[in-house]
Amino acid sequence: MPQTNTPAAAPLAAPRQKAEPIRALILGGTSEARALAARLAGDARLDAVVSLAGRTSAPLASLLPVRIGGFGGVEGLTRYLVEERIERVIDATHPFAARISANARAACAALGLPLLVFTRAPWSPVEGDRWIEVADNAGAVAALGEAPRRVFLTIGRLGLADFLCAPQHYYLIRTIDQPSKEDLPPRYELILERGPFTVESELSLMRAAEVDIVVSKNSGGRETYAKIEAARALGLPVAMVTPPRGGEARIVHHIEAAVDFLFYETSQ
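Considering all chains together, one arrives at three aromatic pairs under this definition. Ring geometry for Phe 71 versus Tyr 80: centroids 5.1 Å apart, planes at 65°, classification edge-to-face. With relative accessibility at 15%, the residue Tyr 80 sits in the buried group. Judged by centre distance (6.1 Å) and plane angle (70°), the rings of Phe 163 and Tyr 171 are edge-to-face.

Rendered as structure tokens:
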């Protein structure tokens, strides 16, 4: 199991006394956002919308109203928050969605709006793991070395072009959506699949492909952790890309803490 260190939740003050439903924006696209939407659906105290970037062609359903597409940077997001009379924002995007998270911090700071980051805790190495922790994809490329290797590349389709500079390797690539053809290396096998995955299926896949090394983002959560467990069982190294820094926003890892943020005034 992943090892996590979760900070204690902030103490709650008295419930909000408000006649109208609270207007909230949830920046989504993750299993955490879907779980939060399911938890909040039908609650008369809330009038919320989930925003999806639209990068996945077939996003999973949400039980709250959904908008799809970008905002147009900090300025566009700020305008949206004002026009829609948003009172609270929850950033439940992917841990590596650095741009929208930065935009949310800037827009909320400019308007004085409360912002909470609801995200999965990152994985931590345990006994038997052979992690090579790197800051970005360039670091992962360097970790592969010069000699040809068989690489299980599981970083999503948007970062594949970063590996074109190392064409000597064979890449087993797994993404949800079809990558752009120009981003694919000369020697590869492509698997289009969405998690969760089992340890048994990951072991079978890595053995069949004769994988030498795994490249992964440290995205946390259970849905894709099986590849880390399988790599540990096989004694394989993992080039692990660490998540970007999250700025000054408060971060929680539990759904009830996100619910409390919406309906209670929290101590900062």
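All right, on to the sheet that holds strand S10 (residues 188–192) then. Pairing in this open sheet of six strands is parallel, and the strands run S7-S12-S11-S8-S9-S10 from one edge to the other. Whereas interior strands pair on both sides, the edge strands pair on one side only; in this sheet they are strand S7 (130–134) and S10. Within this sheet the neighbouring strands show an average axis-to-axis angle of 20°, counted without direction. As judged from the four bridges shared by strand S8 (residues 150–154) and strand S11 (residues 213–217), these two strands associate in the parallel manner. Of the residues in S11, the one forming a bridge with Leu 153 is Val 215.

Once that is clear, we can look at the packing of helix H1 (residues 31–40) against helix H7 (residues 255–263). Packing of H1 against H7 leaves a shortest axis separation of 10 Å and a crossing angle of 55°. In terms of orientation, H1 lies oblique with respect to H7. Note that H1 runs across H7; the crossing there is right-handed. Listed contacts from H7 to Ala 35, Leu 36, Arg 39 and Leu 40 of H1 are Ile 255, Glu 256, Ala 258, Val 259, Leu 262 and Phe 263.

Our next topic: the side chain of Arg 174. By the secondary structure assignment, Arg 174 is in strand S9 (residues 170–175). Given a relative accessible area of 6%, Arg 174 falls into the buried group. Within polar-contact distance, the side chain of Arg 174 engages the side chain of Glu 202 at 2.7 Å. Apart from residues lying up to four places away in sequence, Arg 174 is in contact with Phe 152, Leu 153, Thr 154, Ile 191, Glu 193, Phe 197, Glu 202, Leu 205 and Lys 227.

Taken as a whole and assessed by the stated rule, the structure comprises nine salt bridges. As a salt-bridge pair, Asp 47 and Arg 23 come within 2.7 Å of each other at their nearest N and O atoms. With Asp 47 in strand S3 (residues 46–52) and Arg 23 in strand S2 (residues 22–27), this pair connects stretches of sequence that are 24 residues apart. Residue class for Asp 47 comes out partly exposed when judged on its relative accessible area of 35%. The salt bridge involving Arg 79 is made with Glu 75; its shortest N-O contact spans 3.4 Å. Highlighted residues: Arg 79 and Glu 75, both in helix H2 (residues 73–83), separated by four residues, approximately one helical turn. Of the residues examined, Glu 75 reaches a relative accessible area of 62% and is grouped as exposed. Via salt bridges that share partners, Arg 23, Asp 47 and Glu 84 belong to a single interconnected network.

Conventions adopted
Residues numbered from 1 in each chain as written. Predicted model: local features only at pLDDT ≥ 70, side-chain atom pairs only at ≥ 80, totals over all residues. Heavy atoms only, no water. Phe/Tyr/Trp six-rings, centres within 6.5 Å; stacked < 30°, edge-to-face > 60°. Buried < 20%, exposed > 50% of the residue type's maximum accessible area, 1.4 Å probe, protein only. Pairing = 2+ DSSP bridges. Helix = DSSP H or I, 4+ residues; strand = E, 2+ residues; numbered from the N terminus. Axes fitted to C-alpha atoms, helices over the stretch in contact; angles between N-to-C directions. Parallel < 35°, antiparallel > 145°, perpendicular 65-115°, else oblique. Left-handed = near helix turned anticlockwise from the far one by under 90°. Contact = heavy atoms within 4.5 Å. Polar contact = N/O pair within 3.5 Å; in protein donor to acceptor, adjacent residues only side chain to side chain. Salt bridge = Lys/Arg side-chain N within 4 Å of Asp/Glu carboxyl O.

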